[in-house]
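Breakdown of the fold
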Amino acid sequence: MHPLDAAKRDSYCDQRTLLSLIKLSLDSVSKLIEVDGTQFTLMKHFNYISGELCAEQVPLTEIATKYGTPSFVYSRAALEENYKAYEKSLAGCKSQICFAVKANSNIGVLNVLARLGAGFDIVSGGELNRVIRAGGQPSNVIFSGLGKTAQEIRYALDLQIKCFNVESPAELDRIDKIAGEMDVIAPVSLRINPDIDAGTHPYISTGLRDNKFGIESQKAYEIYKSASALRNINLIGVDCHIGSQITSIAPFLDSIDLMLEIVDNLTESGVNISHLDIGGGLGVRYGSESIPSPEELLNAVMQRFVDRDLTLIVEPGRSIAANAGIFLTRVEYLKFGTEKNFAVVDGAMNDLIRPALYGAWQKIVSVALKSPTPSRSTRFDVVGPICESSDFLGKDRDLMIDEGDLLAVMSAGAYGFVMSSNYNTRPRSPEVLVDDTEVYLVRKREDIDTLLQLEDLPSF
Ligand SMILES: *Cc1c(COP(=O)(O)O)cnc(C)c1O
């Protein structure tokens, strides 16, 4: 394919391909990638403009100069587009999109989605608090998670959330008791564990019988029946969430079929269910994976809803946020060895733990393209300064870099900052939200004082 056609067709640029483009005087062309012969689309709103990687219209070098590195940078347009892909596909179907807050819980990000009318899927009282601060409606909030405390349940009942996704009979009893004390009725859905292998990494698969999540489907009917006798519980839904980074539609359909069977059994015995919640889990492209689009998934899913008076709830996290953000880091040192070369950067596993935790692969690119000198790219492991061998952001990456250069780790908008820690007493990164040419600091960089403010010397 002619590079220009590839440029029109695909997303952002890799250095080698770009160099050939520059040679073709196509400096402003910003849409293509060819990595190891594979063409793929990753992040529509992070493109090279005049040789510099930008978030929408803002060069990342400007953000690095103003807010320092490491830092997370999100694109409002990308968040909106990814959300709207769900919304558009669901048009004409009674539905609710509940963004999974745990994927990216920055209140600035949540605010972007709340403005679009998003609902939210939460897993803690803290996340509920974030949703409120971000301008979200409690009436559109689903409370998931298997360890809800009494305090969290009270808080959620007080705010009159849409539904509790309940994961055990013990939790059901607790919610009933608390709702009774508060003299309210708790809207409840049971999370079914369908014992389906979603084909993902073991750490992010959740729908297998030996996972801690949900209620075994064989027991679900009985538990629903006994729950229908609880005075302060209103059974309104059936729920399921089978894993994350799922790359095919089949496991979703299998779990829906199982849930519909439960719905039908319940209808027969007089328990009317008004919604089906299929959870989140749709994968994204980090590299050259082929992943169904939300549209493809939902078209298939909605077939199952024809002639049924059920509201469809979806809880996407990663597929909305991952490719709406990057992690920006600067090269501190280049270290050359006999076996390996290392690019030691100022970002680390405490900032972005997916590579260390799951062996996840995320694309790493130079922010500024070098002038078209003969290629001198070198193979590096991109590593952080933390004292752990698992502290890497990428391995065996061909990069054309010098000390002081900026790198962008792509697809870092989900399960990035939210999983960060202060390991090695590293202050956490700032988060920046870009909207066209405007830049908003939606979380400041931590400093050592804020980090230590809760610690005390013993009084002896
Ligand atoms: C994590 C989670 C989600 C979101 O999963 P993604 O893979 O990010 O889409 C949705 N629902 C529940 C219950 C979750 O735990």
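Our subject in this report is the structure included herewith. Worth saying up front: this structure is predicted, and the values here are computed from it rather than measured.

A separate point is the overall build of the protein. On a plain count of helices and strands, the protein comes out with 14 helices and 21 strands. Relative to its 460 residues, the protein shows a buried fraction of 56%. Partitioning the intrachain contacts of the protein with sequence separation of at least 6 by distance along the chain shows that 68% fall at a separation of at least 24. Of the accessible surface of the protein, which amounts to about 19900 Å², a share of 48% is contributed by carbon and sulfur atoms.

Where helix H7 (residues 150-158) meets helix H8 (residues 169-182), the axes come as close as 10 Å, and the angle between the chain directions of the two elements is 50°. One finds that H7 runs oblique with respect to H8. Handedness of the crossing formed by H7 with H8: right-handed. Together, Ala150, Ile153, Arg154, Leu157 and Asp158 of H7 and Arg174, Ile175, Ile178, Ala179, Glu181 and Met182 of H8 make up the contact between the two elements.

What follows is about the pairing of strand E6 (residues 119-122). Neither face of E6 is exposed, since Gly119 and Asp121 on one face and Phe120 and Ile122 on the opposite face are all buried. Here 3 bridges tie strand E5 (residues 95-100) to E6, and the two strands are oriented parallel to one another. Across the sheet, residue Cys98 finds its bridge partner in E6, namely Gly119. Regarding the hand of the β-α-β motif, the stretch spanning E5, helix H5 (residues 107-115) and E6 is right-handed. A crossover links E6 with its parallel partner strand E7 (residues 141-143), the connecting element being helix H6 (residues 125-133), and its sense is right-handed.

Considering the arrangement of structural elements, one finds Gly283 in the loop between strand E12 (275-277) and helix H11 (294-303). Between the C-alpha atoms of Gly283 and Gly317, which are 34 residues apart in sequence, the distance is 9.5 Å. In this structure Gly283 touches Gln245, Ile246, Ile291 and Ser319, once residues within four positions along its chain are discounted.

Here we come to H5. Structurally, the α-helix is built with 3.6 residues per turn, so residues lying three or four positions apart point the same way. Regarding H5, the residues found buried are Gly108, Val109, Leu110, Val112, Leu113 and Ala114. Two or three places before Gly108, at the opening of H5, Asn106 has a side-chain oxygen 2.6 Å from that residue's backbone nitrogen. Phi turns positive, to about 90°, at Gly117, one or two residues after H5.

For Glu315, the location among the structural elements is in the loop between strand E13 (311-314) and helix H12 (318-321). Buried within the structure, Glu315 lacks any salt-bridge partner; its nearest side chain of opposite charge belongs to Arg191, at an N-O separation of 6.7 Å. Among the polar contacts listed, one links the side chain of Glu315 to the side chain of Asn165, at a separation of 3.2 Å. Those residues in contact with Glu315 that lie beyond four places of it in its chain are Cys98, Ala100, Asp121, Ile142, Ser144, Asn165, Asp239, Asp277, Gly279 and Gly280.

Running from N to C, helix H4 (residues 76-89) and H5 point in directions that differ by 45°, and their axes come no closer than 10 Å. Between H4 and H5, the angle is such that the two are oblique. Taken as a pair, H4 and H5 cross one another with a handedness that is right-handed. Between H4, through Arg76, Leu79, Glu80 and Tyr83, and H5, the contact on the second element is made entirely by Val109, Val112, Leu113 and Arg115.

Surveying the vicinity of the ligand reveals 14 residues, the closest of which are Lys102, Ser244, Glu315, Arg318 and Tyr415. For the ligand, the accessible surface in isolation is 390 Å², of which the surrounding protein chains cover 94%. For the shell around the ligand, the residue count by class is 3 nonpolar, 6 polar and 5 charged.

The antiparallel open sheet is built from 3 strands, whose spatial order is E1-E2-E3. For this open sheet the edge positions go to strand E1 (46-49) and strand E3 (58-59), each flanked by a neighbour on one side alone. Relative to E3, strand E2 (residues 52-55) runs antiparallel, the two sharing 2 bridges. Considered in E3, the bridge of Cys54 is made with Pro59.

Here the focus is the pattern of salt bridges. Within this structure, the stated rule accounts for 16 salt bridges. The partner of Glu81 in a salt bridge is Lys44, with the nearest N and O atoms 3.1 Å apart. Of this pair, Glu81 sits in helix H4 while Lys44 sits in the loop between helix H2 (15-23) and E1, placing them 37 residues apart in sequence. One salt bridge in this structure joins Glu446 and Arg428, with 3.0 Å as the shortest N-O distance. Taken as a pair, Glu446 in the loop between strand E21 (438-443) and helix H14 (448-452) and Arg428 in the loop between strand E19 (406-409) and strand E20 (431-435) lie far apart in primary sequence, 18 residues in all. Grouping residues by exposure puts Glu446 and Arg428 together as buried.

Before going further, it helps to examine the nonpolar core. Within the largest apolar cluster, 101 residues are counted, with the highest numbers of intra-cluster contacts made by Phe120, Phe164 and Leu312. The element that contributes the greatest number of residues to this core is helix H10 (residues 250-268), accounting for 8 residues. Each of domain 1 (13-75 + 325-450) and domain 2 (76-321) contributes no fewer than three residues to this core. Counting 22 residues, the second largest nonpolar core, distinct from the first, contains Met43, Leu53, Val432 and Val434.

Moving on, we get to the environment of Gly287. Counting through the fold element by element, Gly287 comes out in the loop between E12 and H11. Judged by its relative accessible area of 6%, Gly287 is buried. Each C-alpha atom, one on Gly287 and one on Met410, is 9.6 Å from the other, the two residues being 123 residues apart in sequence.

Calculation criteria
- Residue positions within a chain follow its written sequence, with the count starting from 1.
- The predicted origin of the model limits local features to residues at a pLDDT of at least 70 and limits the giving and counting of side-chain atom pairs to 80 or more, whereas totals for whole chains, interfaces and linings rest on all residues.
- The side-chain numbers reported here are obtained from all heavy atoms of the structure, hydrogens and water having been left aside.
- A run of DSSP states H or I qualifies as a helix once it reaches four residues; a run of E qualifies as a strand once it reaches two. Both are numbered from the N-terminal end.
- To sort residues, take the accessible area from a 1.4 Å probe on protein chains only and compare it with the maximum for the residue type: under 20% means buried, over 50% means exposed, and anything in between is partly exposed.
- Throughout, a residue-residue contact means that at least one pair of heavy atoms, one from each residue, lies within 4.5 Å.
- Using the Shrake-Rupley algorithm and a 1.4 Å probe, accessible areas are obtained, with residue cover drawn only from the displayed protein chains.
- Each axis is a line fitted through C-alpha atoms, and for a helix only the stretch in contact is used; angles between axes span 0 to 180 degrees, taken between their N-to-C directions.
- In this scheme, roughly parallel covers angles under 35 degrees and roughly antiparallel covers those over 145, while 65 to 115 is roughly perpendicular and the rest are oblique.
- Handedness of a crossing is defined here by the sense of rotation of the near helix relative to the far one, left-handed for an anticlockwise turn of less than a right angle and right-handed for a clockwise turn.
- Strand pairing requires that DSSP identify at least two bridges connecting the strands.
- Orient the strands so they point away from the viewer, and a crossover whose first-strand-to-second-strand path over the helix runs clockwise is right-handed.
- Polar contacts here mean pairs of N or O atoms no more than 3.5 Å apart (in protein, one a potential hydrogen donor and the other a potential acceptor; neighbouring residues in sequence count only if both atoms are side-chain atoms).
- Think of it this way: Lys and Arg go in the positive column, Asp and Glu in the negative one, and His and the chain ends go nowhere.
- Salt bridge, as used here, is a side-chain nitrogen of Lys or Arg placed within 4 Å of a carboxyl oxygen of Asp or Glu.
- When at least one non-hydrogen atom of a residue lies within 4 Å of a molecule or strand, that residue is treated as near it.
- Three categories are distinguished: nonpolar for Ala, Val, Leu, Ile, Met, Phe, Trp, Tyr, Cys and Pro, charged for Asp, Glu, Lys and Arg, and polar for the others, with Gly belonging to the last.
- In these notes, a set of buried Ala, Val, Leu, Ile, Met, Phe, Trp, Tyr and Cys residues joined through side-chain atoms within 4.5 Å is what counts as a nonpolar core.
- Annotation comment: domain bounds sourced from an automatic or database domain assignment.

Nothing here speaks to function; it is geometry throughout.
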